[in-house]
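Residues per chain are reported as follows:
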Amino acid sequence: MTNTLTEPRLIGHFIQGSTVQETQDELLDRRAPGTDEVVSRVLRGSGHDVDQAVQAARTAFDTGTWQHAPGMERYKLLNRVADLIDQNAARLAQLDAEESGKPIVLAEGDIAGAAGLWRYAASLALNIQGKSFTSNGPDFTGLVLREPIGVTGLIIPWNFPALILSQKLPFALAAGCTAVVKPSEFTSSSALEIARLTAEAGFPEGVVNVVVGDGPTGGAISEHRDVDLVSFTGSTATGRKVVAASAGNMKKLSLELGGKAANIVFNDADLEDAAAGVVFGVNFNNGECCVSQPRLLVQEDVADQFIAEVAKRTAQLKVGQPLDRASDVGALIHAGHLDHVSSFVEGASQHGGEVIVGGERLTGGEYGNGQFIAPTIIANVTAQAPAFQDEIFGPVLTVTKFKTQAEAIALANSVEYGLANSVWSKNTDTLLETAKALQSGTVYANTTIDGIPQMPFGGYKASGVGREMGEAGFEEFTELKSVNIRTGKRAGTFPIPASLAGGASVPQMTPRD
Ligand code: NAD
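Reading the values: the criteria
- Residues numbered from 1 in each chain as written.
- Predicted model: local features only at pLDDT ≥ 70, side-chain atom pairs only at ≥ 80, totals over all residues.
- Heavy atoms only, no water.
- Helix = DSSP H or I, 4+ residues; strand = E, 2+ residues; numbered from the N terminus.
- Rg over C-alpha atoms; globule rule 2.2 N^0.38 Å.
- Buried < 20%, exposed > 50% of the residue type's maximum accessible area, 1.4 Å probe, protein only.
- Lys, Arg positive; Asp, Glu negative; His and termini not counted.
- Charge placed at Lys NZ, Arg CZ, Asp CG, Glu CD.
- Polar contact = N/O pair within 3.5 Å; in protein donor to acceptor, adjacent residues only side chain to side chain.
- Contact = heavy atoms within 4.5 Å.
- Pairing = 2+ DSSP bridges.
- Axes fitted to C-alpha atoms, helices over the stretch in contact; angles between N-to-C directions.
- Expected span 1.5 Å × (residues − 1).
- 1 Å grid on protein atoms, 1.4 Å probe; cavity = no way out; pocket = protein on both sides within 12 Å on 5 of 7 lines; lining within 4 Å.
- Points joined across faces, edges and corners; volume = space filled by probe spheres on them.
- Nonpolar A, V, L, I, M, F, W, Y, C, P; charged D, E, K, R; others polar.
- Core = buried A, V, L, I, M, F, W, Y, C linked by side-chain atoms within 4.5 Å.
- Domains from an automatic or database assignment.
- Near = heavy atom within 4 Å.
- Areas by Shrake-Rupley, 256 points an atom, 1.4 Å probe, with all protein chains shown as cover.

**Student:** Any chance you could explain the overall build of the chain here in plain terms?
**Tutor:** Regarding its fold elements, the chain presents 15 helices and 27 strands. Taking 513 residues into account, the globule formula puts the C-alpha radius of gyration at 24 Å, and the chain, at 25 Å, falls close to it. Principal-axis analysis of the C-alpha atoms gives the chain an extent of 90 × 60 × 35 Å. Across the 513 residues that make up the chain, the buried fraction comes to 55%. Taking the 40 positively charged and 58 negatively charged side chains of the chain as two groups, their mean positions are separated by 7 Å.

Given below as structure tokens:
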């Protein structure tokens, strides 16, 4: 096991190609979740810092160097960043694991995934397309141009620091936008490192900027009138604040918010495979994952046998220090969040639930003063219980039995969120019927948390607006411009727009003599 780095790191901003550490800003101490030791001190970005960063991004956009850079040039630079992420993978993974509390092995997976996202986004820079319309007579040509939207504000949560940054930043850059990134105050280090890598790769100054800080820093970006789009990932509660703050200049929003996925296990599923998937789906990333699957819905006639298998596998998980390669589950992000997660365990019995595995906080010995909880299963949870409805965001599985497919679908859809769900059955009709009826942006069939950058990702209902990744995610960073072109020798004659006349033959308006 590696221990934490010795001296706390000072985390400053990155504006106009340089690191900014000499400011009047307050400092926020970041305590490592695994040890409770201060590992970094983060500047609390002020409105002035945000102004400076937005100004740098605006100038870089308006000069046009980046927005009009040939696709091949963008492709090369984005790929160069991907290579630099690979070369710096060990350090980036250590920073993310130490600050977020996730197991180091998962942090390494995040960094590999991040490099892949920069490569995929690079490919999109080669293929920016609009449309043309030539079907309205010989004198009309309609062009639909796809243009970069401008200055983007990218607000990142703490659960996948480098990975979620990479679901946004390279896509914005591929489209020709410039960016002001705000990482979470709990996990700022890797964003700073990646910003420096973009400079090393050769991105022009001002195209990538980072302002570190907490809620008010994010608020200043959301309300800034010179920011054209905010792409936000975080809780639904904060997302609502971003919506309100964005109204001043009606900026475009892309919101990736909370989730409360269900794992629906039918009686004809491969039960051993499904049990492994259920345990992975709720405990992956300490359960601090938006597509984590904290609600098990299991068909009544196989429920007892299935719950026993899931319980056995859960009890075998190794909770340990984030930097220990043997840990399956690490430390939760901070003490307040551990209290939040524990409150659902402590309140379970008030709603008829029964804790059948785990539930206890782990302290002393290898856990020291860290924020650890044993992976937990609460049985007999009703659809009305807070543990069923609210985002727990920890390694806590609730179990609810169902009789029919219709009942399972109704239970899965009975929460305000709609990010992801899983279905387990050997019958493809059951899988497809259920997938179509689920109100979520993603459905996993006979699998759990999975995906490729080519597929769009996002939420129904209170889980968000817009999509990330895939072509749809890339298009969020663009505007469409319709250019209506009249050609031919018809000076002074303007047809009534065909669209207003429903495409029918229309009279001409000719100026009087
Ligand atoms: P959070 O909402 O507390 O914070 C997210 C980011 O917003 C942070 O950078 C934070 O500093 C900033 N912020 C806080 N207040 C703000 C404000 N008023 N205006 C603008 N920015 C503000 O979320 P979190 O605790 O960092 O992350 C966990 C949440 O994120 C969970 O709800 C999880 O489901 C969600 N999440 C969603 C996805 C997705 O893709 N849908 C992915 C990961 C996490």
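**Student:** Please clarify how the side chain of K182 should be interpreted in this entry.
**Tutor:** With respect to the secondary-structure elements, K182 resides in strand β9 (residues 178-182). Its relative accessible area of 4% is what places K182 among the buried residues. Polar side-chain contacts of K182 include one of 2.7 Å to the backbone oxygen of G213. With near-sequence residues (within four places) excluded, K182 lies in contact with L154, I155, I156, V211, G213, D214, T217, G218 and I221.

**Student:** What is the right way to look at the sheet that holds strand β1 (residues 9-11) in this model?
**Tutor:** Through backbone hydrogen bonds, the strands of a sheet pair up, either in parallel or in antiparallel fashion. The three strands lie next to each other as β1-β5-β4, forming an open sheet whose pairing is mixed. Looking at strand neighbours, the two that pair on one side only are β1 and β4 (27-31), the edges of this open sheet. Ignoring strand direction, the axes of neighbouring strands in this sheet form an average angle of 25 degrees. Relative to strand β5 (residues 38-43), β1 is paired through three bridges, and the arrangement is parallel.

**Student:** Even after reading the chapter, I still don't get the side chain of N285, so can you show me in this structure?
**Tutor:** In this structure, N285 sits in the loop between α9 (271-283) and β14 (295-299). With a relative accessible area of 1%, N285 lands in the buried category. Setting aside anything within four residues of it in sequence, one finds N285 in contact with K102, L106, N159 and F160.

**Student:** Any chance you could explain helix α1 (residues 47-62) here in plain terms?
**Tutor:** Three or four residues apart is the spacing at which side chains of an α-helix point the same way, because the helix has 3.6 residues per turn. A rise of 1.5 Å per residue sets the reference length of α1, with its 16 residues, at 22 Å; its end C-alpha atoms lie 22 Å apart and thus fit the reference within 8%. Within α1, burial applies to D49, V50, A53, V54, A56, A57, R58, A60 and F61. Each element contacted by the buried residues of α1 is listed here: β2 (13-15), β7 (140-148), β8 (151-155), β9, β10 (208-210) and α7 (215-223). G64, located one to two residues past α1, shows a positive phi value of around 85 degrees.

**Student:** Even after reading the chapter, I still don't get empty space enclosed by the protein, so can you show me in this structure?
**Tutor:** In this approach the atoms are scanned with a rolling probe the size of a water molecule, which exposes any empty space left behind. Enumeration over the complete set of coordinates arrives at three cavities of 30 Å³ or more. Its boundaries defined by the atoms lining it, the largest cavity holds a volume of some 80 Å³. Around the largest cavity, the lining comprises 13 residues; the ones closest to its centre are G287, S292, P294, E391 and F393. In the lining of the largest cavity, the residues fall into six nonpolar, four polar and three charged. In this structure, the second largest cavity encloses a volume near 40 Å³. Every residue along the wall of the second largest cavity is listed here: K260, A261, R295, A412, N413, V415, Y417, G418, L419, A420, N421 and Q439. At the level of elements, β20 (417-418) and β21 (420-424) are the ones that each hand at least two residues to the lining of the second largest cavity. Broken down by class, the residue content of the lining of the second largest cavity amounts to six nonpolar, four polar and two charged.

**Student:** Explain the nonpolar core to me, please; I cannot follow it from the model alone.
**Tutor:** As a rule of thumb, soluble globular proteins bury nonpolar side chains together. If you look at the biggest cluster of nonpolar residues, it comprises 72 residues, and the most contacted ones within it are W118, L169, F171, L173, F203 and V291. Mapped onto this core, the elements with two or more residues apiece are β5, α2 (71-87), α3 (89-100), α4 (104-125), α5 (161-175), β9, α6 (189-201) and β10. Both of domain 1 (10-257 + 466-478) and domain 2 (262-452) provide at least three residues apiece to this core. Residues within four places of L169 in sequence aside, it is in contact with W118, L154, A179, V181 and V208. Within the second largest apolar cluster, 28 residues are counted, among which are I373, F402, A408 and V415.

**Student:** In this structure, what is going on with the site of the ligand? I would like to understand it.
**Tutor:** The ligand sits among 31 residues. The nearest are I156, E185, T238, L257 and E391. The contact in question runs from a nitrogen atom of the ligand to an N or O atom on the backbone of G219, over 3.4 Å. Here a nitrogen atom of the ligand and a backbone polar atom of L257 are 2.7 Å apart. When the free accessible area of the ligand is taken as 840 Å², the share hidden by the protein chains comes to 88%. For the shell around the ligand, the elements supplying multiple residues, two or more each, are α7, β11 (229-233) and α8 (236-245). Looking at the shell around the ligand residue by residue, the classes come out as 13 nonpolar, twelve polar and six charged. Taken domain by domain, the shell around the ligand gets at least three of its residues from each of domain 1 (10-257 + 466-478) and domain 2 (262-452).

Everything listed here is a matter of coordinates, which is why it stays silent on function.
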